[in-house]
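# An overview of the molecular structure
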Amino acid sequence: MAESTMQKIVSLAKRRGFIFQSSEIYGGLKACYDYGPLGVELKRNVKEAWWNDMVHRRADIVGLDCSIIMHPDVWKASGHLAGFADPLVDCRVCKERFRADKAPRAAPGTPVTYREGGRKDGKKLEGVVGPQGYVCPVCGSGDLSDERQFNLMFRTSLGPVDPMQEILNNVEELARLQGNERKERLAALINQSAVYLRPETAQGMFVNFLNVLNSGRVKPPFGIAQVGKSYRNEITTSNLTFRTCEFEQMEMEYFVEPGTDEEWYAYWSKFRFDWYTSLGMRPERLRLREHEKKELAHYAKACVDVEYFYPFENPEGEGEWGELEGIANRTDYDLKKHSEYSGKDLSYFETESKKRYTPYVIEPAAGADRATLAFLCDAFDEEVVDREKNDVRTVLRFHPRLAPVKVAVFPLVKKEGMPDRARAIMDDLLAEGINSFYDESGAIGRRYRRMDEVGTPWCVTVDTETLEKGTVTVRERDSMEQTRIPGEGVAEYFRNRLKSSGNRI
Ligand code: GAP
């Protein structure tokens, strides 16, 4: 069977060092991934492009870097401890567990066919949808458990109190207690030292609102931005890095005067959509999807997702819309909740107008891993160069700002001093901070194709004309056109080209 686009991307990502399964030599760890030498560059470039465009190129946004472990009351105030739970259902046939809201629904009693044990080669069986009204999205059975709540936050403990020891010290008392009383006592023992890995970076910005306001010479409308790891014990993980348990977010909380929030919500929705297209993402594979009232999180007045058409495989074929980023109008919910729980006044006093108010917050919340995956999928192309010769080249058409390697330098042949000239050019490029790669092995055409496959926008070749006239060949990745430029100013030439693409070096 022909490979799907997603299979090709996954295999290229591994083969060329973009994304590896975590702990692969031990059999891998589900939904955990590592970025290889090219992947780490790509993801850093995505994060740097975000930081440049959201913080450095604006006077109204400042940055922050908060700790991952925060005071547990932060999560009580934010609602994560009570409400950050997914309803889950288990399939009794294939034993998969998944989010109830993601499971296809059908009326109880509807006939279904599925494979024995959920195996592809299992005997074909017939059944009906159970009283819960769910069909297993994996094996198609209708035999599913009731919904159970499951908290998505990773709990750990901080300080000298070991929760295991506490339980052992109190085991007799626990044995005497029954039902809820026992559960509550157990929770009290564990919670003495319980802390959580943050499930979003956003709360760090809310709890530092006063610190930034008092130290940062900012006033509404202004934003606080942060890029960092978040952790969620996700149940349904799939499609490479799309949904993982450890991931990086790029979030910005924009504090505005109430009444101006809708205007800013519209502004940020457009700004964030345009950010992806400015980095070369195909507009036809992007859309803005406004949330319906029933989808809105408890804190949101409105929310719109920037969605990308990922080439994921699904029962209908290839491709499905998935969230890339959410832009939410969080109102004054978070600041008011943290005021209530911390006892600190988190309102803002505007001296000119003598007005006091709790700012509303517009939050563009993006995922660095999900964006990296989308840029990788979007860049992937198989171009028919010559149909008769069956010549197809794989090319990653990354925007120059995102390309992991910007320039590759080749000597045409390994003689006549060409390698030395080529290496000197690469050293100049590296000294300019332009990530470059030297390659002298194999035919020149093969070397170009290898760089196409990792998305390098430009290749420079040192050839006989370089030795005679001092010029080098520049080969463009997308058009495959070749031009000659003076060999002396190569680093400056690419510095200018990168600068005009919006790159900061
Ligand atoms: N502060 C709001 C917030 O966290 P979210 O929609 O849950 O909102 C924002 O997350 C973005 O973070 C998502 O649009 C997605 O890009 C990324 N994200 C969320 N959960 C993720 C996961 N399990 N794996 C990878 N990325 C994730």
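Attention in this report is confined to the structure presented alongside it.

About the criteria used
- Residues numbered from 1 in each chain as written.
- Predicted model: local features only at pLDDT ≥ 70, side-chain atom pairs only at ≥ 80, totals over all residues.
- Heavy atoms only, no water.
- Helix = DSSP H or I, 4+ residues; strand = E, 2+ residues; numbered from the N terminus.
- Buried < 20%, exposed > 50% of the residue type's maximum accessible area, 1.4 Å probe, protein only.
- Lys, Arg positive; Asp, Glu negative; His and termini not counted.
- Charge placed at Lys NZ, Arg CZ, Asp CG, Glu CD.
- Pairing = 2+ DSSP bridges.
- Axes fitted to C-alpha atoms, helices over the stretch in contact; angles between N-to-C directions.
- Contact = heavy atoms within 4.5 Å.
- Near = heavy atom within 4 Å.
- Polar contact = N/O pair within 3.5 Å; in protein donor to acceptor, adjacent residues only side chain to side chain.
- Areas by Shrake-Rupley, 256 points an atom, 1.4 Å probe, with all protein chains shown as cover.
- Nonpolar A, V, L, I, M, F, W, Y, C, P; charged D, E, K, R; others polar.
- 1 Å grid on protein atoms, 1.4 Å probe; cavity = no way out; pocket = protein on both sides within 12 Å on 5 of 7 lines; lining within 4 Å.
- Points joined across faces, edges and corners; volume = space filled by probe spheres on them.

### What to know about the overall build of the protein chain
Tallying secondary structure elements over the protein chain gives 16 helices and 25 strands in all. With respect to the principal axes defined by its C-alpha atoms, the protein chain has extents near 90 × 75 × 45 Å. The buried share of the protein chain, reckoned over its 505 residues, is 50%. Between the mean site of the 73 positive side-chain charges and the mean site of the 80 negative ones, the protein chain shows a separation of 1 Å.

### Concerning the sheet that holds strand S12 (residues 246-256)
Taken in spatial order, the 7 strands make up an open sheet running S3-S11-S12-S18-S15-S14-S13, and their pairing is mixed. Strand pairing shows two members of the sheet lacking a second neighbour, strand S3 (61-63) and strand S13 (286-290), which therefore form its edges. Strand-to-strand twist of the sheet, defined as the mean angle between neighbouring strand axes without regard to direction, takes the value 30 degrees. Alignment of strand S15 (residues 317-331) against strand S18 (residues 360-367), held across 6 bridges, turns out to be antiparallel. Counted as the bridge partner of Glu325 is Ala366 from S18.

### A look at helix H11 (residues 333-342)
Residues spaced three or four apart along an α-helix point in a common direction, a consequence of the helix completing one turn every 3.6 residues. Along H11, the positions that sit buried rather than exposed are Tyr333, Asp334, Leu335, His338 and Ser339. Residues of H11 that are buried make contact with helix H3 (72-78), helix H8 (202-207), helix H9 (209-215), S12 and S15. Within two residues after H11, Gly343 carries a phi angle of roughly 80 degrees, on the positive side.

### Here we look at the site of the ligand
Around the ligand sit 20 residues, and of these Glu200, Glu234, Thr244, Glu251 and Glu323 come closest. The contact in question runs from a nitrogen atom of the ligand to an N or O atom on the side chain of Glu200, over 2.7 Å. Residue Glu234 places a side-chain N or O atom 2.8 Å away from a nitrogen atom belonging to the ligand. Isolated, the ligand exposes 550 Å² of accessible area, and the fraction of that covered by the protein chains is 90%. Going through the elements one at a time, S12, S15 and S18 are the ones with two or more residues in the shell around the ligand. Here the shell around the ligand is composed, by residue class, of 6 nonpolar, 4 polar and 10 charged.

### Structural notes on the environment of Glu234
As for its placement among the helices and strands, Glu234 is situated in the loop between strand S11 (222-231) and S12. When neighbours within four sequence positions are excluded, Glu234 is seen to be in contact with Arg99, Leu152, Arg243, Thr244 and Cys245.

### Topic: the layout of surface pockets
Of the pockets and cavities examined, the second largest pocket occupies roughly 310 Å³. Lining the second largest pocket are 13 residues, and of these Val74, Val207, His338, Ser342 and Lys344 lie nearest its centre. Counting residues per element, the ones that place at least two in the lining of the second largest pocket are H3, H9 and H11. Its residues assigned to classes, the lining of the second largest pocket shows 7 nonpolar, 4 polar and 2 charged.

### Some remarks on empty space enclosed by the protein
With the rule as written, the count across this model stands at 1 cavity of 30 Å³ or more. The space that makes up the largest cavity amounts to roughly 50 Å³. In terms of lining residues, the largest cavity is bounded by Leu279, Gly280, Met281, Phe375, Asp378, Ala379, Arg397, Phe398, His399 and Leu402. Residues of the lining of the largest cavity, tallied by class, amount to 6 nonpolar, 2 polar and 2 charged.

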